[in-house]
Amino acid sequence: MSTLKGKEAYSVAVVGATGAVGQEMREILEEREFPVERLVCLASERSEGKTVAFRGAEVPVDRLTEQSFAGVDIALFSAGAERSRKFAPHAVTAGAVVIDNSSAFRMEPKVPLVVPEVNAHALAGHVGIIANPNCSTIQMVMALKPLHDAATIRRIIVSTYQSVSGTGQAAMEELFEQSGQVLNLQSPKPKVYPHPIAFNCLPQIDAFDEDGYTKEEWKLVRETRKILEAPGVQVCATTVRVPVFRAHSESVNVEFERPLGPDEARALMSAMDGVVVIDDPGRGLYPMATDATGSDAVYVGRVRVDRTVENGLVLWIVSDNLRKGAALNAVQIAERLVAAAR
Ligand SMILES: NC(=O)c1ccc[n+]([C@@H]2O[C@H](COP(=O)([O-])OP(=O)(O)OC[C@H]3O[C@@H](n4cnc5c(N)ncnc54)[C@H](OP(=O)(O)O)[C@@H]3O)[C@@H](O)[C@H]2O)c1
(Lines give C-alpha, C1' and ligand atoms only; values in the text may rest on other atoms or scores of the structure.)
Protein backbone atom coordinates (compact mmCIF):
# COMPACT_ATOMS: atom_id res chain seq x y z
CA MET A 1 0.00 0.00 0.00
CA SER A 2 1.23 3.43 -0.87
CA THR A 3 2.39 6.08 1.51
CA LEU A 4 2.62 9.74 0.63
CA LYS A 5 3.50 10.67 4.18
CA GLY A 6 6.70 12.49 5.07
CA LYS A 7 7.52 13.68 1.55
CA GLU A 8 8.00 17.21 0.28
CA ALA A 9 7.81 16.23 -3.40
CA TYR A 10 6.60 13.21 -5.31
CA SER A 11 7.48 10.92 -8.14
CA VAL A 12 4.49 11.24 -10.53
CA ALA A 13 3.78 8.99 -13.51
CA VAL A 14 1.49 10.10 -16.35
CA VAL A 15 0.25 7.05 -18.24
CA GLY A 16 -0.89 8.22 -21.67
CA ALA A 17 1.40 11.26 -21.47
CA THR A 18 1.24 11.86 -25.24
CA GLY A 19 -2.58 11.90 -25.41
CA ALA A 20 -5.10 14.75 -25.22
CA VAL A 21 -5.67 14.26 -21.48
CA GLY A 22 -2.03 13.39 -20.71
CA GLN A 23 -0.79 16.60 -22.29
CA GLU A 24 -3.29 18.60 -20.24
CA MET A 25 -2.18 16.75 -17.09
CA ARG A 26 1.43 17.80 -17.62
CA GLU A 27 0.37 21.41 -18.15
CA ILE A 28 -1.87 21.45 -15.07
CA LEU A 29 0.77 19.86 -12.81
CA GLU A 30 3.10 22.65 -13.94
CA GLU A 31 0.54 25.49 -13.70
CA ARG A 32 -0.60 24.51 -10.20
CA GLU A 33 2.98 23.92 -9.05
CA PHE A 34 2.22 20.40 -7.90
CA PRO A 35 5.29 19.21 -5.97
CA VAL A 36 6.74 16.91 -8.65
CA GLU A 37 10.21 15.61 -7.89
CA ARG A 38 10.33 13.30 -10.93
CA LEU A 39 7.90 13.03 -13.84
CA VAL A 40 7.63 9.61 -15.49
CA CYS A 41 5.96 9.85 -18.92
CA LEU A 42 4.52 6.61 -20.25
CA ALA A 43 2.74 5.75 -23.50
CA SER A 44 2.66 3.00 -26.12
CA GLU A 45 5.62 1.63 -28.06
CA ARG A 46 4.63 4.12 -30.84
CA SER A 47 5.90 6.95 -28.65
CA GLU A 48 9.20 5.39 -27.56
CA GLY A 49 12.01 7.84 -28.26
CA LYS A 50 9.72 10.90 -28.21
CA THR A 51 9.99 13.62 -25.60
CA VAL A 52 7.32 15.82 -24.03
CA ALA A 53 7.66 19.25 -22.44
CA PHE A 54 7.51 19.76 -18.68
CA ARG A 55 8.70 22.83 -16.76
CA GLY A 56 10.82 24.01 -19.67
CA ALA A 57 12.63 20.67 -20.09
CA GLU A 58 12.11 17.73 -22.45
CA VAL A 59 11.12 14.53 -20.63
CA PRO A 60 11.61 11.20 -22.45
CA VAL A 61 8.52 9.05 -23.07
CA ASP A 62 8.92 5.41 -22.04
CA ARG A 63 6.88 2.42 -23.09
CA LEU A 64 4.33 1.38 -20.45
CA THR A 65 5.30 -1.96 -18.89
CA GLU A 66 4.54 -3.79 -15.66
CA GLN A 67 7.90 -2.54 -14.34
CA SER A 68 7.25 1.15 -15.10
CA PHE A 69 6.17 2.06 -11.56
CA ALA A 70 9.25 1.43 -9.40
CA GLY A 71 9.58 4.40 -7.03
CA VAL A 72 6.41 6.10 -8.32
CA ASP A 73 4.22 7.74 -5.62
CA ILE A 74 1.25 8.87 -7.74
CA ALA A 75 0.22 7.39 -11.10
CA LEU A 76 -2.22 9.38 -13.23
CA PHE A 77 -3.70 6.91 -15.73
CA SER A 78 -5.16 8.19 -18.97
CA ALA A 79 -4.53 5.57 -21.65
CA GLY A 80 -7.87 3.76 -21.92
CA ALA A 81 -9.68 1.23 -19.74
CA GLU A 82 -7.80 -1.79 -21.09
CA ARG A 83 -4.43 -0.34 -20.04
CA SER A 84 -5.84 0.69 -16.65
CA ARG A 85 -7.19 -2.80 -15.96
CA LYS A 86 -3.88 -4.39 -16.91
CA PHE A 87 -1.35 -1.97 -15.41
CA ALA A 88 -3.02 -0.11 -12.48
CA PRO A 89 -2.72 -3.17 -10.16
CA HIS A 90 1.04 -3.27 -10.91
CA ALA A 91 1.32 0.41 -10.03
CA VAL A 92 -0.47 -0.21 -6.71
CA THR A 93 1.75 -3.21 -5.94
CA ALA A 94 4.80 -1.04 -6.60
CA GLY A 95 3.52 1.41 -3.94
CA ALA A 96 1.79 4.10 -6.04
CA VAL A 97 -1.66 5.62 -5.57
CA VAL A 98 -3.48 5.38 -8.91
CA ILE A 99 -5.86 8.11 -10.08
CA ASP A 100 -7.58 6.57 -13.07
CA ASN A 101 -9.34 8.55 -15.81
CA SER A 102 -10.80 5.53 -17.55
CA SER A 103 -14.08 3.74 -16.85
CA ALA A 104 -12.26 0.57 -15.67
CA PHE A 105 -12.86 0.84 -11.91
CA ARG A 106 -15.47 3.60 -11.48
CA MET A 107 -18.34 1.43 -10.34
CA GLU A 108 -16.30 -0.92 -8.11
CA PRO A 109 -17.66 -0.49 -4.56
CA LYS A 110 -14.19 -0.22 -2.99
CA VAL A 111 -13.01 2.43 -5.48
CA PRO A 112 -13.90 6.04 -4.60
CA LEU A 113 -15.33 7.98 -7.55
CA VAL A 114 -14.40 11.53 -6.73
CA VAL A 115 -15.06 15.12 -7.73
CA PRO A 116 -13.16 16.92 -4.94
CA GLU A 117 -15.59 19.84 -4.54
CA VAL A 118 -18.51 17.38 -4.30
CA ASN A 119 -17.40 14.27 -2.39
CA ALA A 120 -13.77 14.57 -1.27
CA HIS A 121 -14.73 12.64 1.89
CA ALA A 122 -14.97 9.49 -0.27
CA LEU A 123 -11.16 9.52 -0.62
CA ALA A 124 -10.72 8.35 2.97
CA GLY A 125 -10.03 4.64 3.14
CA HIS A 126 -9.17 4.19 -0.54
CA VAL A 127 -7.30 0.99 -1.30
CA GLY A 128 -4.82 2.29 -3.87
CA ILE A 129 -7.07 3.18 -6.83
CA ILE A 130 -9.23 6.29 -7.08
CA ALA A 131 -11.46 6.81 -10.12
CA ASN A 132 -11.98 10.06 -11.96
CA PRO A 133 -15.58 10.24 -13.23
CA ASN A 134 -16.66 10.61 -16.85
CA CYS A 135 -16.28 14.16 -18.17
CA SER A 136 -20.04 14.69 -18.70
CA THR A 137 -20.79 13.46 -15.18
CA ILE A 138 -18.21 15.73 -13.53
CA GLN A 139 -19.63 18.99 -14.90
CA MET A 140 -23.21 17.94 -14.19
CA VAL A 141 -22.65 16.96 -10.54
CA MET A 142 -20.62 20.12 -9.92
CA ALA A 143 -23.68 22.22 -10.80
CA LEU A 144 -26.25 19.91 -9.22
CA LYS A 145 -24.59 19.19 -5.85
CA PRO A 146 -25.63 22.45 -4.11
CA LEU A 147 -29.14 22.14 -5.56
CA HIS A 148 -29.41 18.53 -4.37
CA ASP A 149 -28.29 19.54 -0.87
CA ALA A 150 -30.97 22.26 -0.79
CA ALA A 151 -33.99 20.58 -2.36
CA THR A 152 -33.17 16.86 -3.00
CA ILE A 153 -33.14 15.80 -6.64
CA ARG A 154 -35.82 13.33 -7.69
CA ARG A 155 -35.21 13.09 -11.44
CA ILE A 156 -32.74 14.35 -14.06
CA ILE A 157 -33.17 14.44 -17.84
CA VAL A 158 -29.90 15.33 -19.56
CA SER A 159 -28.97 15.79 -23.23
CA THR A 160 -25.28 16.34 -23.95
CA TYR A 161 -23.47 18.15 -26.76
CA GLN A 162 -20.00 16.62 -26.44
CA SER A 163 -16.86 17.86 -28.16
CA VAL A 164 -14.56 15.62 -30.21
CA SER A 165 -11.62 16.08 -27.79
CA GLY A 166 -13.61 13.80 -25.48
CA THR A 167 -12.63 10.98 -27.84
CA GLY A 168 -8.96 12.01 -27.93
CA GLN A 169 -6.33 13.38 -30.26
CA ALA A 170 -7.29 11.34 -33.33
CA ALA A 171 -10.88 12.61 -33.21
CA MET A 172 -9.74 16.24 -33.13
CA GLU A 173 -7.66 15.57 -36.24
CA GLU A 174 -10.67 13.89 -37.87
CA LEU A 175 -12.93 16.94 -37.31
CA PHE A 176 -10.21 19.23 -38.69
CA GLU A 177 -9.63 17.10 -41.80
CA GLN A 178 -13.32 16.47 -42.50
CA SER A 179 -14.18 20.16 -42.13
CA GLY A 180 -11.64 20.94 -44.86
CA GLN A 181 -12.99 18.12 -47.03
CA VAL A 182 -16.59 19.37 -46.76
CA LEU A 183 -15.62 22.98 -47.45
CA ASN A 184 -13.76 21.76 -50.55
CA LEU A 185 -16.88 19.88 -51.69
CA GLN A 186 -15.27 16.47 -51.02
CA SER A 187 -16.95 13.59 -49.17
CA PRO A 188 -15.64 13.31 -45.59
CA LYS A 189 -14.15 9.92 -44.77
CA PRO A 190 -14.94 8.71 -41.22
CA LYS A 191 -12.23 6.76 -39.36
CA VAL A 192 -12.72 7.42 -35.64
CA TYR A 193 -16.53 7.85 -35.69
CA PRO A 194 -19.09 5.66 -37.49
CA HIS A 195 -20.32 8.66 -39.55
CA PRO A 196 -18.89 12.03 -40.61
CA ILE A 197 -18.63 14.38 -37.64
CA ALA A 198 -18.00 17.61 -39.60
CA PHE A 199 -21.21 19.69 -39.85
CA ASN A 200 -23.10 16.82 -38.18
CA CYS A 201 -24.41 15.60 -34.79
CA LEU A 202 -24.00 11.93 -33.87
CA PRO A 203 -26.53 10.59 -31.32
CA GLN A 204 -24.12 7.83 -30.35
CA ILE A 205 -21.24 7.94 -27.88
CA ASP A 206 -19.81 4.47 -27.27
CA ALA A 207 -21.72 1.22 -27.90
CA PHE A 208 -25.49 0.62 -27.62
CA ASP A 209 -27.03 -1.89 -25.21
CA GLU A 210 -30.11 -4.03 -25.88
CA ASP A 211 -32.42 -1.27 -24.53
CA GLY A 212 -31.07 1.28 -27.01
CA TYR A 213 -29.02 3.31 -24.52
CA THR A 214 -25.28 3.86 -24.99
CA LYS A 215 -22.58 3.06 -22.45
CA GLU A 216 -21.88 6.80 -22.15
CA GLU A 217 -25.54 7.36 -21.19
CA TRP A 218 -25.32 4.67 -18.50
CA LYS A 219 -22.16 6.30 -17.14
CA LEU A 220 -24.14 9.49 -16.51
CA VAL A 221 -26.85 7.50 -14.70
CA ARG A 222 -24.66 5.30 -12.50
CA GLU A 223 -21.83 7.72 -11.77
CA THR A 224 -24.23 10.54 -10.78
CA ARG A 225 -25.94 8.25 -8.27
CA LYS A 226 -22.60 7.08 -6.81
CA ILE A 227 -21.07 10.56 -6.48
CA LEU A 228 -24.19 12.20 -5.03
CA GLU A 229 -24.74 9.13 -2.82
CA ALA A 230 -28.32 9.14 -4.10
CA PRO A 231 -29.11 5.65 -5.43
CA GLY A 232 -32.78 6.53 -5.90
CA VAL A 233 -32.26 9.51 -8.23
CA GLN A 234 -33.81 8.85 -11.65
CA VAL A 235 -31.55 9.84 -14.56
CA CYS A 236 -32.38 9.65 -18.26
CA ALA A 237 -29.52 10.63 -20.60
CA THR A 238 -29.08 11.21 -24.33
CA THR A 239 -25.44 11.75 -25.29
CA VAL A 240 -24.56 13.42 -28.60
CA ARG A 241 -21.21 14.09 -30.27
CA VAL A 242 -21.10 17.51 -31.94
CA PRO A 243 -18.52 19.17 -34.22
CA VAL A 244 -16.94 21.24 -31.45
CA PHE A 245 -13.23 20.81 -30.68
CA ARG A 246 -13.30 21.35 -26.96
CA ALA A 247 -15.75 21.71 -24.01
CA HIS A 248 -18.96 19.77 -23.48
CA SER A 249 -22.40 21.42 -23.15
CA GLU A 250 -25.43 19.91 -21.44
CA SER A 251 -29.14 20.72 -21.30
CA VAL A 252 -30.40 19.43 -17.93
CA ASN A 253 -33.99 19.25 -16.63
CA VAL A 254 -34.06 18.63 -12.88
CA GLU A 255 -37.05 17.74 -10.71
CA PHE A 256 -36.76 18.29 -6.96
CA GLU A 257 -38.59 17.03 -3.86
CA ARG A 258 -39.10 20.63 -2.70
CA PRO A 259 -39.65 23.94 -4.52
CA LEU A 260 -36.45 25.70 -5.67
CA GLY A 261 -36.65 28.90 -7.70
CA PRO A 262 -34.17 30.06 -10.34
CA ASP A 263 -32.85 32.92 -8.17
CA GLU A 264 -32.13 30.64 -5.23
CA ALA A 265 -30.59 28.05 -7.56
CA ARG A 266 -28.31 30.69 -9.11
CA ALA A 267 -27.22 31.86 -5.65
CA LEU A 268 -26.51 28.29 -4.50
CA MET A 269 -24.48 27.45 -7.60
CA SER A 270 -22.56 30.75 -7.46
CA ALA A 271 -21.50 29.86 -3.92
CA MET A 272 -20.18 26.46 -5.06
CA ASP A 273 -16.41 26.29 -5.43
CA GLY A 274 -15.55 25.82 -9.12
CA VAL A 275 -18.96 26.85 -10.53
CA VAL A 276 -19.56 30.16 -12.31
CA VAL A 277 -23.07 31.33 -13.21
CA ILE A 278 -23.39 33.36 -16.45
CA ASP A 279 -27.07 34.00 -16.87
CA ASP A 280 -28.24 37.18 -18.54
CA PRO A 281 -29.96 35.96 -21.70
CA GLY A 282 -31.44 39.41 -22.44
CA ARG A 283 -27.86 40.62 -23.06
CA GLY A 284 -26.90 37.43 -24.89
CA LEU A 285 -24.91 36.16 -21.91
CA TYR A 286 -24.86 32.42 -21.37
CA PRO A 287 -22.09 29.81 -21.24
CA MET A 288 -20.57 28.62 -24.53
CA ALA A 289 -17.99 25.98 -25.41
CA THR A 290 -15.60 28.45 -27.03
CA ASP A 291 -15.53 30.57 -23.86
CA ALA A 292 -15.09 27.56 -21.55
CA THR A 293 -12.16 26.17 -23.57
CA GLY A 294 -8.93 26.32 -21.59
CA SER A 295 -10.64 27.38 -18.38
CA ASP A 296 -11.09 25.51 -15.10
CA ALA A 297 -14.66 26.39 -14.13
CA VAL A 298 -17.99 24.72 -14.73
CA TYR A 299 -20.29 27.37 -16.23
CA VAL A 300 -24.07 27.41 -15.75
CA GLY A 301 -26.72 29.56 -17.41
CA ARG A 302 -30.24 29.57 -18.90
CA VAL A 303 -31.58 28.76 -15.41
CA ARG A 304 -35.37 28.72 -15.66
CA VAL A 305 -38.49 27.01 -14.37
CA ASP A 306 -39.57 23.76 -16.04
CA ARG A 307 -43.33 24.25 -15.96
CA THR A 308 -44.07 20.70 -17.16
CA VAL A 309 -43.30 19.15 -13.74
CA GLU A 310 -43.70 20.05 -10.07
CA ASN A 311 -40.53 21.68 -8.64
CA GLY A 312 -38.63 21.64 -11.95
CA LEU A 313 -35.69 23.67 -13.24
CA VAL A 314 -33.80 23.69 -16.54
CA LEU A 315 -30.05 24.44 -16.73
CA TRP A 316 -27.37 24.77 -19.42
CA ILE A 317 -23.97 23.52 -18.17
CA VAL A 318 -20.66 23.95 -20.04
CA SER A 319 -17.12 22.96 -19.10
CA ASP A 320 -13.77 22.07 -20.70
CA ASN A 321 -13.79 18.27 -20.83
CA LEU A 322 -10.00 18.03 -20.94
CA ARG A 323 -9.58 20.21 -17.82
CA LYS A 324 -12.32 19.86 -15.15
CA GLY A 325 -13.70 16.86 -17.07
CA ALA A 326 -10.41 14.97 -16.88
CA ALA A 327 -6.92 16.32 -16.11
CA LEU A 328 -7.76 19.08 -13.63
CA ASN A 329 -10.08 16.85 -11.60
CA ALA A 330 -7.33 14.18 -11.44
CA VAL A 331 -4.69 16.68 -10.28
CA GLN A 332 -7.13 18.12 -7.71
CA ILE A 333 -7.57 14.59 -6.32
CA ALA A 334 -3.78 14.26 -6.09
CA GLU A 335 -3.63 17.62 -4.27
CA ARG A 336 -6.20 16.41 -1.72
CA LEU A 337 -4.25 13.18 -1.14
CA VAL A 338 -1.02 15.07 -0.61
CA ALA A 339 -2.70 17.59 1.72
CA ALA A 340 -4.19 14.73 3.78
CA ALA A 341 -0.76 13.08 4.07
CA ARG A 342 0.92 16.20 5.46
N1 LIG B 1 -10.64 13.19 -23.64
C2 LIG B 1 -11.43 13.39 -22.59
O3 LIG B 1 -12.14 14.41 -22.46
C4 LIG B 1 -11.47 12.39 -21.48
C5 LIG B 1 -12.20 12.71 -20.35
C6 LIG B 1 -12.24 11.79 -19.30
C7 LIG B 1 -11.56 10.60 -19.44
N8 LIG B 1 -10.85 10.32 -20.57
C9 LIG B 1 -10.13 9.05 -20.63
O10 LIG B 1 -8.73 9.28 -20.72
C11 LIG B 1 -8.12 8.26 -21.49
C12 LIG B 1 -7.28 8.87 -22.59
O13 LIG B 1 -8.05 9.75 -23.36
P14 LIG B 1 -7.40 10.78 -24.41
O15 LIG B 1 -8.54 11.62 -24.81
O16 LIG B 1 -6.17 11.42 -23.85
O17 LIG B 1 -6.99 9.79 -25.62
P18 LIG B 1 -5.84 9.97 -26.73
O19 LIG B 1 -5.62 11.39 -27.09
O20 LIG B 1 -6.21 9.02 -27.79
O21 LIG B 1 -4.52 9.45 -25.99
C22 LIG B 1 -4.37 8.11 -25.61
C23 LIG B 1 -3.09 7.95 -24.81
O24 LIG B 1 -3.00 6.58 -24.40
C25 LIG B 1 -1.78 6.02 -24.85
N26 LIG B 1 -1.92 4.61 -25.20
C27 LIG B 1 -2.74 4.07 -26.11
N28 LIG B 1 -2.53 2.72 -26.19
C29 LIG B 1 -1.55 2.44 -25.29
C30 LIG B 1 -0.87 1.25 -24.92
N31 LIG B 1 -1.16 0.07 -25.48
N32 LIG B 1 0.08 1.33 -23.96
C33 LIG B 1 0.40 2.52 -23.41
N34 LIG B 1 -0.19 3.68 -23.74
C35 LIG B 1 -1.16 3.64 -24.67
C36 LIG B 1 -1.43 6.83 -26.10
O37 LIG B 1 -0.04 6.69 -26.37
P38 LIG B 1 0.54 6.81 -27.88
O39 LIG B 1 0.59 8.28 -28.18
O40 LIG B 1 1.86 6.18 -27.78
O41 LIG B 1 -0.42 6.08 -28.77
C42 LIG B 1 -1.83 8.23 -25.63
O43 LIG B 1 -0.83 8.77 -24.79
C44 LIG B 1 -9.25 7.35 -21.94
O45 LIG B 1 -9.35 6.30 -21.00
C46 LIG B 1 -10.45 8.23 -21.87
O47 LIG B 1 -11.65 7.49 -21.69
C48 LIG B 1 -10.79 11.19 -21.60
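Reference entry: report on the structure contained in this document. (Residues numbered from 1 in each chain as written. Predicted model: local features only at pLDDT ≥ 70, side-chain atom pairs only at ≥ 80, totals over all residues. Heavy atoms only, no water.)

All right, on to the environment of Ala-341 then. Topologically, Ala-341 is positioned in helix H9 (residues 323–341). Distance in space between the C-alpha atoms of Ala-341 and Lys-7 is 8.7 Å, their sequence separation being 334 residues. Non-local contacts of Ala-341, meaning those with residues more than four positions away in its chain, are made with Leu-4, Lys-5 and Gly-6. (Helix = DSSP H or I, 4+ residues; strand = E, 2+ residues; numbered from the N terminus. Contact = heavy atoms within 4.5 Å.)

So, about the sheet that holds strand S12 (residues 298–305). Strand pairing in a sheet relies on backbone hydrogen bonds, with the paired strands running either antiparallel or parallel. The strand order S9-S8-S10-S13-S12-S11 describes an open sheet built from 6 strands, whose pairing is mixed. The sheet is open, and its two borders are formed by strand S9 (234–241) and strand S11 (275–277), each paired with just one other strand. Recorded for the sheet is a direction-independent mean angle of 20° between the axes of neighbouring strands. Pairing of S11 with S12, which is carried by 3 bridges, proceeds in the parallel orientation. (Pairing = 2+ DSSP bridges. Axes fitted to C-alpha atoms, helices over the stretch in contact; angles between N-to-C directions.)

It is worth spelling out the packing of helix H4 (residues 135–151) against helix H7 (residues 262–270) at this point. Packed helices, taken two at a time, are described by the angle between their axes plus the distance between the axes. Running from amino to carboxyl end, H4 crosses H7 at an angle of 120°, the nearest separation of the two axes being 8 Å. The orientation of H4 relative to H7 falls into the category oblique. The hand of the H4/H7 crossing is right-handed. For the pair H4 and H7, the contacting residues are Ala-143, Pro-146, Leu-147 and Ala-150 in the first and Ala-265, Leu-268 and Met-269 in the second. Residues belonging to the contact of H4 with H7 are distributed by class as follows: 7 nonpolar, no polar and no charged. (Parallel < 35°, antiparallel > 145°, perpendicular 65-115°, else oblique. Left-handed = near helix turned anticlockwise from the far one by under 90°. Nonpolar A, V, L, I, M, F, W, Y, C, P; charged D, E, K, R; others polar.)

Further remarks concern the pattern of salt bridges. Summed over the entire model, instances satisfying the criterion amount to 21 salt bridges. Salt bridges sharing common partners tie together Glu-24, Glu-31, Arg-246, Asp-296, Asp-320 and Arg-323. (Salt bridge = Lys/Arg side-chain N within 4 Å of Asp/Glu carboxyl O.)

A separate point is the environment of Leu-123. Along the chain, the position of Leu-123 falls in the loop between helix H3 (116–119) and strand S7 (129–131). Excluding anything up to four places from it in sequence, Leu-123 contacts Pro-112, Val-114, Ile-130, Ile-333, Arg-336 and Leu-337.

The subject of this paragraph is the sheet that holds strand S6 (residues 97–100). Reading across the sheet, the 7 strands line up as S3-S4-S2-S1-S5-S6-S7 and stay open at both edges, with mixed pairing between neighbours. The two strands at the open ends of the sheet, each matched to only one other strand, are strand S3 (51–54) and S7. Ignoring strand direction, the axes of neighbouring strands in this sheet form an average angle of 25°. Here 4 bridges tie strand S1 (residues 10–15) to strand S5 (residues 74–77), and the two strands are oriented parallel to one another. Bridged to Val-15 within S5 is Phe-77. Against the sheet, helix H2 (residues 81–93) engages S5, S6 and S7, with an angle of about 175° to S5. Helix-sheet contacts for H9 involve S1, S5, S6 and S7, and the interaxial angle to S6 is about 155°.

The subject of this paragraph is the pairing of S5. Both faces of S5 are covered, namely the face carrying Ile-74 and Leu-76 and the face carrying Ala-75 and Phe-77. Between S5 and its parallel partner S6, the chain crosses via H2, and the hand of that crossover is right-handed. (Buried < 20%, exposed > 50% of the residue type's maximum accessible area, 1.4 Å probe, protein only. Right-handed = clockwise from strand over helix to strand, strands pointing away.)

To continue, consider the state of the cysteines. Defined simply, a disulfide is a covalent bond joining two cysteines at their sulfur atoms. Inspection of every chain in the model, using the stated rule, returns 0 disulfides. Its sulfur unpaired, Cys-135 is 17 Å from the next cysteine sulfur, which belongs to Cys-201. Classification of Cys-135 by relative accessible area gives buried; the value is 14%. (Disulfide = S-S within 2.5 Å.)

Mapped onto the fold, Glu-223 is located in helix H6 (residues 215–228). A relative accessible area of 2% places Glu-223 in the buried class. Each C-alpha atom of the pair Glu-223 and Pro-259 lies 25 Å from the other, and the pair is 36 residues apart in sequence. Within the structure, Glu-223 has its side chain in polar contact with the side chain of Thr-137 (distance 3.2 Å). (Polar contact = N/O pair within 3.5 Å; in protein donor to acceptor, adjacent residues only side chain to side chain.)

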